[in-house]
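Chain and residue survey
Below are the chains, spelled out letter by letter.
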Amino acid sequence: MYKSTLAIAVAVGVLAQQAGAAGFVEDSKLSLSSRTMYFNNDNRDGGADNRESGQGFKVDYISGFTEGTVGFGVDAQALWGIHLDGGRGHHPDNSSFFPSDSDGSAESQWARFGANAKARFSKTEAHFGSALAPNLPILVSNDGRLLPQTFEGGTIQSKEIDSLTLNAGQLTHAMGRASSNRTGLSVAGATQDSNKFQFAGGDWKVTKDLTLQYYYSNLEDFYKQHFLGLVHVLPIAEDQSFKTDIRYFDSSSDGKNGETGYAFNNNGGYAKNTGEVDNKTWSAMFTYSLGGHAFLLGHQQIGDDGGFVWLNQGNVVDGNGRNEGAGGSSFYLFTDSMINQFARAGENTTFGQYSYDFARLGVPGLKTSISYLRGDDIRSRTGGSDYSEWERDARIDYVIQEGTLKGLGASLRHGVYRGGSSEASADQDQTRLIFNYTYSFM
């Protein structure tokens, strides 16, 4: 048993003695979430296709806080994934949709449990455990498959100062979206890991329409990263607005980065110093909203010296050399799309999206969108000519608004990716069909 899990168990025992305290039980929430998903990734370059379906269940218990100057509580989460269809030949061994068995087929099921102890003082909360799911500019927990990615460590959030939210923490391990196991923290292409990811920063709501952000993070022996953000919403008229969202990252090497096992493969792209993190990236997105319509246009520029970097355990393997299933991660750039990331050295990406909310036509819960991204000027790692890539994504979502099945949601998504070089990702057509439902017991 992991030390952190033992610590959580002790905390649960202590809190159970105080369960009668006002707030701990009264403010508790218990829910069961179900996700059914069909995933079809057609590799147009002749490589292994991925066609599978599965069923995921997630039970979440969130307690209130005990009475007193310092209130205590506990959160717990149980996850269970079941393989429904898609065996050998339709399940690549490096798939991040399901964990792999010894013969290369998908495991029939997998499960894991996590819990957090928490404390609250005034407007400050601290959480410690193995079911953390941060959603911050420097770390975004991925929930793009059957089960969510979670992290182990400790976080603290403070809102003591009006209009200012401060966040800090240290994470030690990750639990992948297709794994029962935990792994150390790493970056794409590295075979070694780290047990220390530290971060701190905050969001300052200058006015009701303007928010400024700054965050610093450090993955020991891999990289240091600074983030600056600005979000401004300009009300034009009733039901009409213009939103500006600007993001800037400055990433550099740390510790052993560049040494054997600690090298960064720059997303398969060019690096000025082989294996070392060296990147500056800026991205800007502008959205005009009018009634149910939303028109989005943006541009992103990845620095010439190396690709963008973020936490990604995709190359961490177990004792048998098999992928741990921890691959698959998100990051806080607009180009983190359905199939590709558009995050290679030198890449200039222009992107646009149109979306519509059918509530304006009397069909609440129905939404649709279509987007297009094109990345140019990607630097060749072999010294060849710069190349390009593009992706087109479309999706339609519907959530039942009333009746017995209220809250049942369906999402159909289709993406097409094409690369303009042998150095690009494989050409792919991808389809996902997802059904979500959450039932709250308390």
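Read on for an overview of the structure. No experiment lies behind these values; they were computed from the predicted model shown. (Residues numbered from 1 in each chain as written. Predicted model: local features only at pLDDT ≥ 70, side-chain atom pairs only at ≥ 80, totals over all residues. Heavy atoms only, no water.)

1. Structural notes on the environment of Ser-251
So the rule is basically this: Secondary structure elements follow DSSP: runs of H or I no shorter than four residues count as helices, runs of E no shorter than two count as strands, and numbering proceeds from the N terminus. Throughout, exposure labels follow a simple rule: accessible area from a 1.4 Å probe, protein chains only, divided by the maximum for the residue type, with under 20% read as buried, over 50% as exposed, and the rest as partly exposed. Whether two residues touch is decided by their heavy atoms; if any such pair falls within 4.5 Å, the residues are in contact. Two N or O atoms count as a polar contact when they lie within 3.5 Å, although within protein this holds only if one can serve as hydrogen donor and the other as acceptor, and sequence-adjacent residues are included solely when both atoms are side-chain atoms.
Looking at where Ser-251 falls in the secondary structure, it is placed in strand β14 (residues 240–253). On the basis of relative accessible area, Ser-251 is assigned to the buried category, the value being 1%. With residues up to four places along the chain from it excluded, the contact list for Ser-251 reads Lys-224, Gln-225, Val-277, Asp-278, Asn-279 and Val-309. A polar side-chain atom of Ser-251 sits 2.8 Å from a polar atom in the side chain of Gln-225.

2. Remarks on the nonpolar core
The following threshold applies: In plain words, nonpolar cores are sets of buried Ala, Val, Leu, Ile, Met, Phe, Trp, Tyr and Cys residues tied together by side-chain atoms within 4.5 Å.
Among the nonpolar cores identified, the biggest contains 31 residues, and Phe-197 and Tyr-223 are the most heavily contacted of them. Elements represented by at least two residues in this core include exactly β7 (139–140), β9 (164–175), β11 (197–205), β12 (210–219) and β13 (223–237). In this structure, Met-37, Phe-39, Leu-79 and Leu-147 belong to the second largest nonpolar core, which totals 10 residues.

3. Looking at empty space enclosed by the protein
We count it as follows: In this analysis a 1.4 Å probe is tested at points of a 1 Å grid over the protein atoms alone, and where it fits but cannot get out there is a cavity; an open set with protein on both sides within 12 Å along at least five of seven lines is a pocket; lining residues have an atom within 4 Å of a point. Grid points are joined across faces, edges and corners, and a volume is the space filled by probe spheres set on the points.
Taken as a whole and assessed by the stated rule, the structure comprises 2 cavities of 30 Å³ or more. Taken together, Ala-188, Phe-264, Asn-267, Phe-308, Val-309, Trp-310 and Asn-312 make up the lining of the second largest cavity.

4. Some words on the packing of aromatic side chains
Threshold: Pairing of aromatic rings covers Phe, Tyr and the six-membered ring of Trp, with a centre-to-centre limit of 6.5 Å; geometry is then stacked below 30 degrees between planes, edge-to-face above 60, and tilted otherwise. The rule is short: NZ of Lys or CZ of Arg within 6 Å of the ring centre and within 35 degrees of the ring normal puts a charge over the ring.
In the structure shown here, the tally under the stated rule is 16 aromatic pairs. Arranged with centres 4.9 Å apart and planes meeting at 90°, the rings of Tyr-356 and Phe-358 form a pair that is edge-to-face. Counting every residue linked through ring pairs, the aromatic cluster contains Phe-227, Phe-249, Phe-308, Trp-310, Phe-331 and Tyr-332. The ring of Phe-65 carries the charged tip of Lys-118 above its face, separated from the ring centre by 4.9 Å. Its end group placed over the ring of Tyr-332, Arg-247 keeps NZ or CZ at 3.7 Å from the ring centre.

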